[in-house]
Amino acid sequence: MIASPLDDLLVRAANAAEQGHLQEGIALYREVLALQPEHAVARNNLGCLLLEADQVDEAVAILEADETGLNSQQRANLGYALFNQGELHHAEQVLRTVIDTDPEDSDARNHLGMVLLHRGQTNAAIDQLQIVVRRFPNKVEAWNNLGCALREAGQHDKAVRAIEQALLVDPYNVDARNNMGCIYREMDQTELAIEELQIAVHLEPENPAIHRNLALSFHKHGDPHKALSHLRSSLRFAARGDGTSQIHELLHELEVSVWESPNKNDSPGDTGPLETSK
C-alpha cells in the first residue's frame, strides 16, 4: 500500500523529532496542519516541539487553538506551555481540569506543582509533588521539582534527599545535579556543591546557568580564579539579556579580587574580550 502524502509527512516529522531535528520536525508538522488543520496529534506534537525550541508563544497559540477539543494529555501540555509563557493563573486552571478528570495524571500534577511554586504557594506545591512521587517513585522530574520546592521552603536536608532520589533513577540528570549543587552551596557545603556542578557542566558544557552556579560556588569557596573562568563561560554561552547585568557586576568583583590577590605569580590567564551570545 502506498502511503498518503499526509502519512508520509507524519512519519518524517516523527523521525525528525526523534533524531532531535526540532526545526525540521516543526516545519513538517506545520505542513500536516496545512493539509488537515484539525489533526489533533500533529497539533499536540507541534506544540511540544515548539516548547522544546523555546518558541513558547507559538506553542501556546497552537495548543490553545482548539482548547475545548483537547484530550487530557494535550490539555496537560497546554498547561505546561502556559506555565512557560508566565500565564500562571490560566495554567493552573487548565491543569486542575485535567486532574479533576484523571487524578492519576502524573504529568499534569507535576506541572501544577511547579505552577503553584512559581505563584508563591510553596506548601501547596510540595503537597502536589509528594502525591506524584508516592504514586510514581521513578518520576525523576517530580523528585527534582520536589527538591526545588523544599529548597524554597528552607527545608534543605529534605531537598537533598529528594534530589538524591532523582539521581538514583537517573544519575545523568543535569537539572538534578545543578539543583543539588545550588542546595549544597546554600548549606555552605561548597566542596560538595562544586563536585555536583562539575558533573553537571561535564554533561552540558555550554549551559550558562551551570557555569554561573559554578562561578558562585568557587567564589564562595574562596577561589576567585576558577570563579572568574566559569563566569566568563556563562557570559559566552548566555542569551543576550539573560541576567547578564548581574553577571557583569560579579565579573568586575572577581577581576578586582584576582588582581589584588597577594600571590602575584598566580595569573588568571588571558582575560581577553568578553563574548556574549548573539
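About the cut-offs
Residues numbered from 1 in each chain as written. Predicted model: local features only at pLDDT ≥ 70, side-chain atom pairs only at ≥ 80, totals over all residues. Heavy atoms only, no water. Helix = DSSP H or I, 4+ residues; strand = E, 2+ residues; numbered from the N terminus. Buried < 20%, exposed > 50% of the residue type's maximum accessible area, 1.4 Å probe, protein only. Contact = heavy atoms within 4.5 Å. Areas by Shrake-Rupley, 256 points an atom, 1.4 Å probe, with all protein chains shown as cover. Phe/Tyr/Trp six-rings, centres within 6.5 Å; stacked < 30°, edge-to-face > 60°. Lys NZ or Arg CZ within 6 Å of the ring centre and 35° of its normal. Core = buried A, V, L, I, M, F, W, Y, C linked by side-chain atoms within 4.5 Å. Expected span 1.5 Å × (residues − 1). Axes fitted to C-alpha atoms, helices over the stretch in contact; angles between N-to-C directions. Parallel < 35°, antiparallel > 145°, perpendicular 65-115°, else oblique. Left-handed = near helix turned anticlockwise from the far one by under 90°. Nonpolar A, V, L, I, M, F, W, Y, C, P; charged D, E, K, R; others polar. Polar contact = N/O pair within 3.5 Å; in protein donor to acceptor, adjacent residues only side chain to side chain. Salt bridge = Lys/Arg side-chain N within 4 Å of Asp/Glu carboxyl O. Patch = residues over 30% accessible without salt bridge, like charges linked within 9 Å, V, L, I, M, F, W, Y side chains within 5 Å. pLDDT = per-residue confidence, 0-100.

Moving on: the overall build of the protein chain. In terms of regular secondary structure, the protein chain is built from 15 helices and 0 strands. Here the protein chain holds 278 residues, and 46% of them are scored as buried. Of all intrachain contacts in the protein chain linking residues separated by at least 6 positions in sequence, the fraction that spans at least 24 positions is 44%. Approximately 14,600 Å² of the protein chain is accessible, and the part contributed by carbon and sulfur atoms is 47%.

Bringing the packing of aromatic side chains into the picture now. Both the distance between ring centres and the angle between the ring planes are used here to describe each pair of aromatic rings. Evaluation of the coordinates by the stated rule reveals 1 aromatic pair. When the centroid spacing of 6.2 Å and the interplanar angle of 35 degrees are considered together, the rings of Tyr80 and Phe83 count as tilted. Taken together, the residues Tyr80 and Phe83, both in helix H5 (residues 72–85) and 3 residues apart, mark about one turn of the helix. We note Arg236 situated over the ring of Phe237; from NZ or CZ to the ring centre the distance is 4.9 Å.

Ranked by size, the top nonpolar core spans 61 residues in total, and within it Tyr29, Leu46 and Leu146 carry the most contacts. Formed by 9 residues, the second largest nonpolar core is a distinct cluster that contains Ile194, Ala200, Val201 and Ile210.

Take helix H14 (residues 224–237) next. Given a rise of 1.5 Å per residue, 14 residues ought to cover 20 Å, and the 20 Å separating the end C-alpha atoms of H14 matches this to within 8%. Counting buried positions over the 14 residues of H14 gives 10, a clear majority of the element. Residues of H14 that are buried: Pro224, His225, Ala227, Leu228, His230, Leu231, Arg232, Ser233, Ser234 and Leu235.

Let us look at the packing of helix H6 (residues 88–101) against helix H7 (residues 106–118). Relative orientation of the contacting elements H6 and H7 amounts to 150 degrees, with a least axis distance of 9 Å. Between H6 and H7, the interaxial angle falls into the category roughly antiparallel. For the element pair H6 and H7, the recorded crossing hand is left-handed. Residues Leu88, Ala91, Glu92, Leu95, Arg96, Val98 and Ile99 of H6 pack against Ala108, Arg109, His111, Leu112, Val115, Leu116 and His118 of H7. Residue classes in the contact of H6 with H7 are distributed as 9 nonpolar, 2 polar and 3 charged.

It is worth spelling out the environment of Gln23 at this point. On the secondary structure map, Gln23 appears in helix H2 (residues 22–35). Overall, the relative accessible area of 48% leaves Gln23 in the partly exposed class. Spatially, the C-alpha atom of Gln23 lies 8.5 Å from that of Leu50, the residues being 27 residues apart in sequence. In terms of polar contacts, Gln23 uses its side chain to reach the side chain of Gln55, at 3.0 Å.

Turning our attention to the pattern of salt bridges. Tallied over the entire structure, the rule returns 9 salt bridges. Across the pair Glu92 and Arg96 runs a salt bridge, and its minimum N-O distance is 2.9 Å. Remark: Arg96 and Glu92 occur in helix H6; sequence separation between them is 4 residues, near one turn of the helix. Glu196 is the partner of Arg177 in a salt bridge, and the nearest nitrogen-oxygen pair spans 2.8 Å.

Next up on the list: a nonpolar patch on the surface. On the surface, Tyr172, Ile199 and Leu203 cluster together to form a nonpolar patch covering roughly 290 Å² of accessible area. Along the chain, Ile199 turns up in helix H12 (residues 190–203).

Our next topic: unusual backbone geometry. Trans is the prevailing form of peptide bonds, just as negative phi is the prevailing case for residues other than glycine. A positive phi angle is found at Asp54, which is not glycine, with a value near 60 degrees. Looking at the element boundaries, Asp54 is found in the loop between helix H3 (40–52) and helix H4 (56–64). Of the residues examined, Asp54 reaches a relative accessible area of 65% and is grouped as exposed. For Asp188, which is not glycine, the phi torsion reads 65 degrees and is therefore positive.

So, on to the confidence of the model for the protein chain. Scored by pLDDT, the protein chain comes out at a mean of 85, with 83% of its residues at no less than 70. Considering only residues more than four positions removed or in separate chains, one finds that residues 261–278, a stretch of pLDDT under 50, has 23 contacts.

Okay, helix H13 (residues 208–221) next. Compared with an ideal rise of 1.5 Å per residue, which puts 14 residues at 20 Å, H13 spans 20 Å between its outermost C-alpha atoms and is within 8% of the ideal. For H13, the complete set of buried residues consists of Pro208, Ile210, His211, Asn213, Leu214, Ala215, Ser217 and Phe218. Of the surrounding elements, those touching the buried residues of H13 are helix H11 (174–186), H12 and H14. Where H13 starts, the residue carrying a side-chain oxygen 3.0 Å from the main-chain nitrogen of Ala209 turns out to be Asn207. At the C-terminal side of H13, Gly222 shows a positive phi close to 90 degrees.

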